[in-house]
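Reading the structure
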Amino acid sequence: MLDLKGINAGYGSFQALFDISLTVNAGEAVSVIGPNGAGKTTLMRVISGMTAPFSGEMEMEGKSLSSFPPHQIVELGIAHVPENRRLFPGMTVEDNLKLGAFAKTARGDSAKNLEFVYELFPRMKERRSQLAGTMSGGEQQMCAIGRALMSTPETILLDEPSMGLAPQLVEEIFEIVKQLNEKENVSFLLAE
């Protein structure tokens, strides 16, 4: 499914990733664990096309990711839930969710995917008209995961999903990740 070989990456002359290789198979959840500054976010940004690697190979189901811009990487089945969620705070919850279905491959299923997200996260349905920036951190994380699900991904990159959340909400988020992985066969690469 998702396969990285010898990835070296960073910013300018600073190198954050050194010869990283990993595989995330279909239906698998893989965690990358390390301290702040270890390169976890850089890894996620490289996979999603937001940061170009210095060298190495990345493939999704045999297709080289290095030749695709970020919006086409989403169309290949990889959705990225970034660190700090990166919602549009002045837009409603529903509008934030709908933005996740911008890819051509997801547009036809957007109504069905929205209902799935609302079933998975009932609070999002309750707050669909609320501005995303006024929700709690846990609710914002639910919205960010829901936005990723709108693209009908095969693999979700979750960067620091528990950052700043109360322990009870962390358990709830990880229970949903487990459910998506086991029942919906969504693969995950988590950075914590």
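For the rest of this paragraph, the subject is unusual backbone geometry. Even without a glycine there, the phi angle at Arg86 is positive, about 55 degrees. Take Arg86: it is sitting in the loop between strand E6 (78–81) and helix H3 (93–99). Using a relative accessible area of 55% as the deciding quantity, one classes Arg86 as exposed. Not every positive phi belongs to a glycine, and Asn185 is a case in point at roughly 60 degrees. Inspection of the secondary structure puts Asn185 in the loop between helix H8 (167–183) and strand E8 (187–191). Overall, Asn185 belongs to the partly exposed group, its relative accessible area being 48%.

Once that is clear, we can look at H8. Over its 17 residues, H8 runs 24 Å from end to end, which matches the ideal 24 Å to within 8%, given 1.5 Å per residue. Where H8 is concerned, the buried positions are Leu169, Val170, Ile173, Ile176, Val177, Leu180 and Asn181. Angular distribution of buried residues about the axis of H8 spans 135 degrees; they occupy a single face of the element. Exposed and facing more than 90 degrees away from the buried side of H8 are Pro167, Gln168, Glu171, Glu182 and Lys183. Those residues of H8 that are buried lie in contact with strand E3 (29–32), helix H5 (110–120), helix H6 (122–126), helix H7 (137–149), strand E7 (155–159) and E8. After H8 finishes, the residue Asn185 shows a positive phi value of roughly 60 degrees.

Right, let's talk about the environment of Asn84 for a bit. Of note, Asn84 is situated in the loop between E6 and H3. Along the chain, Asn84 and Asp159 lie 75 residues apart, while their C-alpha atoms are 8.3 Å from each other.

The next subject is the packing of H7 against H8. To describe two helices that pack against each other, one gives the angle between their axes and the distance between the axes. At a minimum axis separation of 10 Å, H7 and H8 run at an interaxial angle of 15 degrees. If you check the angle between H7 and H8, you find them roughly parallel. For the pair H7 and H8, the crossing hand works out as right-handed. Packed against H7, whose contacting residues are Gly138, Gln141, Met142, Ile145 and Leu149, the element H8 presents Leu169, Glu172, Ile173 and Leu180 at the interface. Residues of the contact of H7 with H8, tallied by class, amount to 6 nonpolar, 2 polar and 1 charged.

Reading the values: the criteria
Residues numbered from 1 in each chain as written. Predicted model: local features only at pLDDT ≥ 70, side-chain atom pairs only at ≥ 80, totals over all residues. Heavy atoms only, no water. Helix = DSSP H or I, 4+ residues; strand = E, 2+ residues; numbered from the N terminus. Buried < 20%, exposed > 50% of the residue type's maximum accessible area, 1.4 Å probe, protein only. Expected span 1.5 Å × (residues − 1). Arc of directions from axis to C-beta. Contact = heavy atoms within 4.5 Å. Axes fitted to C-alpha atoms, helices over the stretch in contact; angles between N-to-C directions. Parallel < 35°, antiparallel > 145°, perpendicular 65-115°, else oblique. Left-handed = near helix turned anticlockwise from the far one by under 90°. Nonpolar A, V, L, I, M, F, W, Y, C, P; charged D, E, K, R; others polar.

So, to be careful, I would describe these as geometric facts and stop short of saying anything about function.
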